[in-house]
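Residue-level listing of the chains:
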Amino acid sequence: NAGVTQTPKFQVLKTGQSMTLQCAQDMNHEYMSWYRQDPGMGLRLIHYSVGAGITDQGEVPNGYNVSRSTTEDFPLRLLSAAPSQTSVYFCASSPGFHTEAFFGQGTRLTVV
Amino acid sequence: AQKVTQAQTEISVVEKEDVTLDCVYETRDTTYYLFWYKQPPSGELVFLIRRNSFDEQNEISGRYSWNFQKSTSSFNFTITASQVVDSAVYFCALILSMEYGNKLVFGAGTILRVKS
């Protein structure tokens, strides 16, 4: 059972480039989320989804887009990368309302 | 607004010492859910415990125990007889019952270093 799989694990981008962070889960979870982790700030919610076709903004959505065309996949798009988006990104899924989240291994992104 | 505070940025202990990680939360909701996650040096996030606001019983799991006190809005985590493998960043987090989407609000985390 793979759980939550994120790709890539590491990425370096130049300012202004765009890219997509991939996230897939094989647990048939309805809830999926993207968080970013920055030193001293814990994890902050970027976008979330409560099912295929339904997404919404979290605490820090600016500069990011998401879509959820299937239950399994929840990609995060950086539209025009900025140095402030240098961070570690985590995708998570949950089986139900108020349940624990299962996290992917994270993607370490550096924008230069 | 909801908030989770982990005032201890970093704690260092010697193996076999007991250590308590503090977590204080703020919310006006009467129903909410509290979590602890562990992030070892390898970087993944590991779920440790979930507690709802109506269940104030303390919980013990092996060397881990959790003390939930609604009166002080705290959900503290104690590791008994710490081991080097306990070295990690520990996060406390909150979900509000009325919030749509399972949105976790995290504290800043506490770095625990256990020395042999």
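Scroll up a little and you will see the structure.
Quick look at the structure, then. Here the structure is a predicted model, which is why all the values come from computation and not from measurement. (Residues numbered from 1 in each chain as written. Chains lettered and ligands numbered in written order. Predicted model: local features only at pLDDT ≥ 70, side-chain atom pairs only at ≥ 80, totals over all residues. Heavy atoms only, no water.)

1. Observations regarding the pairing of strand β6 (residues 46-52) of chain B
Stage number 1. With six bridges connecting them, strand β5 (residues 32-39) of chain B and β6(B) associate as antiparallel partners. By the bridge assignment, Lys38(B) is partnered in β6(B) with Val46(B). (Pairing = 2+ DSSP bridges. Helix = DSSP H or I, 4+ residues; strand = E, 2+ residues; numbered from the N terminus.)

2. Details of the pattern of salt bridges
Stage number 1. Per the stated rule, a full pass over the model turns up six salt bridges over all chains.
Stage number 2. Across the salt bridge formed by Arg36(A) and Asp38(A), the nearest N and O atoms sit 2.8 Å from each other.
Stage number 3. On the basis of relative accessibility, which here comes to 8%, the residue Arg36(A) falls in the buried class.
Stage number 4. Residue class for Asp38(A) comes out buried when judged on its relative accessible area of 9%.
Stage number 5. The shortest N-O distance in the salt bridge between Asp55(B) and Arg51(B) comes to 3.7 Å.
Stage number 6. Under the relative-accessibility criterion, Asp55(B) is labelled partly exposed at 27%.
Stage number 7. A residue is classified by how much of its surface remains accessible, and Arg51(B), at 4% relative accessible area, is buried. (Salt bridge = Lys/Arg side-chain N within 4 Å of Asp/Glu carboxyl O. Buried < 20%, exposed > 50% of the residue type's maximum accessible area, 1.4 Å probe, protein only.)

Limitation: the analysis is restricted to geometry and does not speak to function.
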